[in-house]
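# Fold and contact review
Here are the chains, one letter per residue:
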Amino acid sequence: MREQFYRDDKDWTIVEGSVLDAQFMGSLGTFDIVYSWGVLHHTGEMWRALDVVDLAVRPGGQLFLAIYNDQGVVSKRWRFVKRLFCSGRAGRAVVCSVFIPYFVFEGAAVDIVNWRNPLARYTQYVSQRGMSRFHDVMDWLGGYPFEVAKPEQIIEHYLARGCRLTRLITTNGSGCNQFVLRKSDPDRDGR
Ligand SMILES: C[S@@+](CC[C@H](N)C(=O)[O-])C[C@H]1O[C@@H](n2cnc3c(N)ncnc32)[C@H](O)[C@@H]1O
């Protein structure tokens with residue numbers, strides 16, 4: 001992004017660290033915008049991570065989040081599959097041999113029923129998603145740790161920490177719910 005849009009921007013810094021590393025996170029300071037899309041549910045300690053990113057938002061600042069939707073038993077099944085995938089080569093082989101054919105045939109069936117070219121979902125995928133479908137499938141199957149939350153759990157979690165929801169996009173099923181939360185600013189909001 002920097003190379004493409006802000007090559008000479010002296011204020012742009014890129015650092016790498018874990019959101020669960022309190023010392024690292026504390027060293028970053030606070031910001032008007034904190035953006036975390038599809039990350040905190042993969043840390044293994046989602047609720048702690050949600051608290052840590054809150055500390056990085058300046059009063060009056062905004063937090064942009066995407067967190068996997070809680071689908072109850074469906075989410076529990078996916079958690080099992082992903083854990084199996086990450087358990088070693090045998091688990092990975094089992095998961096791939098079941099789910100890759102399943103995704104391929106399911107996709108082809110949906111396309112044929114809808115009179116679409118079944119190959120188009122593979123050839124057009126990179127330009128739409130930024131990665132190949134195979135890469136995306138492996139990323140999904142291997143995305144563990146895997147935690148989920150209902151939209152109201154996230155909203156209540158942040159309400160209790162002085163953040164209110166300003167925008168919400170929910171998903172009906174799998175995938176992420178997306179939130180924009182604004183942290184209260186006692187100086188401005190009190191007036
Ligand atoms: C599904 S990917 C994120 C997708 C990406 N944000 C996007 O929009 O395409 C999940 C990311 O979470 C990161 N991650 C997992 N645990 C983390 C941690 N403790 N601290 C920071 N990042 C972490 C992984 O490195 C991985 O890049």
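These numbers come from a predicted model, not from an experiment.

### Some points on the domain arrangement of the protein chain
Each assigned domain of the protein chain is listed here: domain 1 (2-70 + 147-189) and domain 2 (87-141). Each of domain 1 and domain 2 has a C-alpha centre, and these two points are 30 Å apart.

### Describing the site of the ligand
Surveying the vicinity of the ligand reveals the residues G17, S18, V19, W37, G38, V39, H42 and T43. Contacts to the ligand include S18, whose side-chain N or O atom sits 3.0 Å from a nitrogen atom. A distance of 2.9 Å separates a nitrogen atom of the ligand from a polar backbone atom of V19. Out of a free accessible area of 600 Å², the ligand has 50% covered by protein chains. Per-class residue counts for the shell around the ligand are three nonpolar, five polar and no charged.

### Some points on the environment of F146
Topologically, F146 is positioned in the loop between α8 (133-141) and α9 (151-159). For the pair formed by F146 and R83, sequence separation is 63 residues and the distance between their alpha carbons is 8.5 Å. For F146, the contacting residues outside a window of four places in its chain are H41, Y68, S75, W78, R79, K82 and W140.

### Overview of the state of the cysteines
If you walk through the whole model with that rule in mind, you get zero disulfides. C86 forms no disulfide, and the closest cysteine sulfur to it belongs to C96, at a distance of 10 Å.

### What to know about the sheet that holds strand β4 (residues 176-183)
In spatial order, the strands read β1-β2-β4-β3; together these four strands make up an open sheet with mixed pairing. At either end of the open sheet lies a strand with only one pairing partner, and these are β1 (31-37) and β3 (163-169). Between one strand axis and the next, the sheet turns through 15° on average, direction left out of account. By the bridge criterion, seven bridges tie strand β2 (residues 57-68) to β4 in an arrangement that is antiparallel.

Procedures and definitions
Residues numbered from 1 in each chain as written. Predicted model: local features only at pLDDT ≥ 70, side-chain atom pairs only at ≥ 80, totals over all residues. Heavy atoms only, no water. Domains from an automatic or database assignment. Near = heavy atom within 4 Å. Polar contact = N/O pair within 3.5 Å; in protein donor to acceptor, adjacent residues only side chain to side chain. Areas by Shrake-Rupley, 256 points an atom, 1.4 Å probe, with all protein chains shown as cover. Nonpolar A, V, L, I, M, F, W, Y, C, P; charged D, E, K, R; others polar. Helix = DSSP H or I, 4+ residues; strand = E, 2+ residues; numbered from the N terminus. Contact = heavy atoms within 4.5 Å. Disulfide = S-S within 2.5 Å. Pairing = 2+ DSSP bridges. Axes fitted to C-alpha atoms, helices over the stretch in contact; angles between N-to-C directions.

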